[in-house]
Amino acid sequence: MKRQILMFAAALSLSASCLCTGQVFADYETSLSRAASSRQLAEQETMGLLWMRTSAEYRALCYQAYNTALSSLNKAMKETPSRHKPFAIILDCDETVLDNTRAMGTYASRGKGYWDGWWWHDRVHEGKSAAMPGALDFLKQVSARGVEIFYVSNRYKPDNLDVTIDNLKTLGFPSADRNHVLLFTKNSDKMPRFAKIEKSHQVLLYLGDNAGDFPLGVKGKSLAERQHIIDTSAKDFGTRFIVLPNPAYGSWVSAMDPHYMKLPVEKRNDVNRKYLTK
C-alpha cells in the first residue's frame with residue numbers, strides 16, 4: 001500500500017512538472033511571437049518614420065498645411081457675418097503641433113514597433129516632444145487675431161494633462177492651460193469634446209493628422225465607411241479641415257483590422273497583402 005501511495009505521489013509530481021514545463025514553453029513561444037510581431041511592425045514603420053524624420057517633402061507639407069490654415073482662417077473671419085460667439089480653432093496635439101518621431105524612430109530602430117500604453121506614458125512624461133514645422137508661428141498668429149485655441153488630444157487626462165501643458169508651454173505655444181487643453185478620460189471619441197467647444201464658440205477651423213481629429217463621426221467605422229465619409233466631406237478639406245501627413249500610425253491601421261497591432265506575423269502579412277492588392 002505504501003509503495004502504491006509513493007508511486008501515485010511520484011506520478012502527480014511528474015504530471016505537475018510536465019504541466020509547469022509546458023506552461024513555461026507556451027509562455028516562451030508567446031513571448032517569441034510577440035517579439036517577432038513587434039520587429040515586423042518596426043520594419044513596416046521604418047520608411048514612414050524616416051520620411052517624417054528626414055525628408056524635405058514632409059516639412060514642406062507641414063508648412064503648406066499651416067499656410068493653408070492661416071489663409072482659410074483669415075477668409076473665414078472676414079466672411080462670418082455675425083459674431084454671436086467668440087471665434088476658435090481646434091487642433092490635435094501629437095504629430096499636429098507636437099513631434100514625437102524621434103522617440104518613435106529610436107524605438108523602431110531597436111526592433112520594437114509596438115508603442116504600448118506604458119511606453120507612450122513614459123515618453124509623454126519626458127516632456128521632450130518637439131514643435132511641428134510651422135505650428136508655433138501659425139498659432140502665435142492665430143492668438144494675435146484674438147481667436148481662441150483648443151488642443152483636443154487623446155492623451156490620457158489623469159496621467160498626462162499637466163505634463164502636456166508643461167511641454168506646450170516650454171515650446172511657447174499659446175493657450176496652454178487647463179481650459180484649452182482637452183484630453184480624454186473614459187471616451188477617446190473626440191466628438192463630445194468638439195460639441196462642448198462648439199456650444200460656446202464659433203469654430204472656424206480644425207487641424208489634425210487623423211480622421212478622428214475632425215467632426216466627421218468616424219470613430220469605430222470600417223475602412224470603407226471612413227473613406228465614404230471623407231468623400232462626402234471633400235469640399236471641407238483645405239478650407240475648414242486641414243490635414244497633416246502621418247504614415248507612421250493612426251486609426252487607419254485599426255480600420256484594416258481592429259487587432260492589427262497585436263497580430264502574429266503571418267496574419268499581419270495576410271492583411272497587408274489583402275489591401276496592397278485590393
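Each remark here, short or long, concerns the structure printed above.
Right, let's walk through the structure included here. (Residues numbered from 1 in each chain as written. Predicted model: local features only at pLDDT ≥ 70, side-chain atom pairs only at ≥ 80, totals over all residues. Heavy atoms only, no water.)

Looking now at the sheet that holds strand β6 (residues 202-208). The strand order across the open sheet formed by five strands is β5-β4-β1-β6-β7, and the pairing between neighbours is parallel. Looking at strand neighbours, the two that pair on one side only are β5 (181-184) and β7 (241-243), the edges of this open sheet. Neighbour to neighbour, the strand axes of the sheet diverge by 20° on average, direction disregarded. The pairing of β6 with β7 spans three bridges and is classified as parallel. Counterpart to leucine 207 in the pairing with β7 is isoleucine 242. Each of β1 (87-91), β4 (148-156), β5 and β6 is contacted by helix α7 (residues 191-200), which is oriented at about 160° to β4, the strand it contacts most. (Pairing = 2+ DSSP bridges. Helix = DSSP H or I, 4+ residues; strand = E, 2+ residues; numbered from the N terminus. Axes fitted to C-alpha atoms, helices over the stretch in contact; angles between N-to-C directions. Contact = heavy atoms within 4.5 Å.)

Moving on, we come to the side chain of arginine 155. Note on placement: arginine 155 falls in strand β4. Setting aside residues up to four positions removed in sequence, arginine 155 forms contacts with Asp94, Leu98, Asn100, Trp120, Val124, Ser129, Asn160, Thr164, Leu183 and Phe184.

Judged by how many residues are buried, β6 sits mostly within the fold: six of seven residues are covered. Inspection of the sheet shows β1 paired to β6 by five bridges, in the parallel sense. From the neighbouring strand, leucine 91 faces β6, where its bridge partner is leucine 207. (Buried < 20%, exposed > 50% of the residue type's maximum accessible area, 1.4 Å probe, protein only.)

What follows is about α7. Three or more residues of α7 are buried, namely Arg193, Phe194 and Ile197. Burial along α7 is one-sided: seen end-on, the buried residues are contained in an arc of 100°. Residues of α7 that are exposed and point over 90 degrees away from its buried face: Lys196 and Lys199. Of the surrounding elements, those touching the buried residues of α7 are β1, β4, β5 and β6. (Arc of directions from axis to C-beta.)

Without other data, these values stay purely geometric and don't point to any function.
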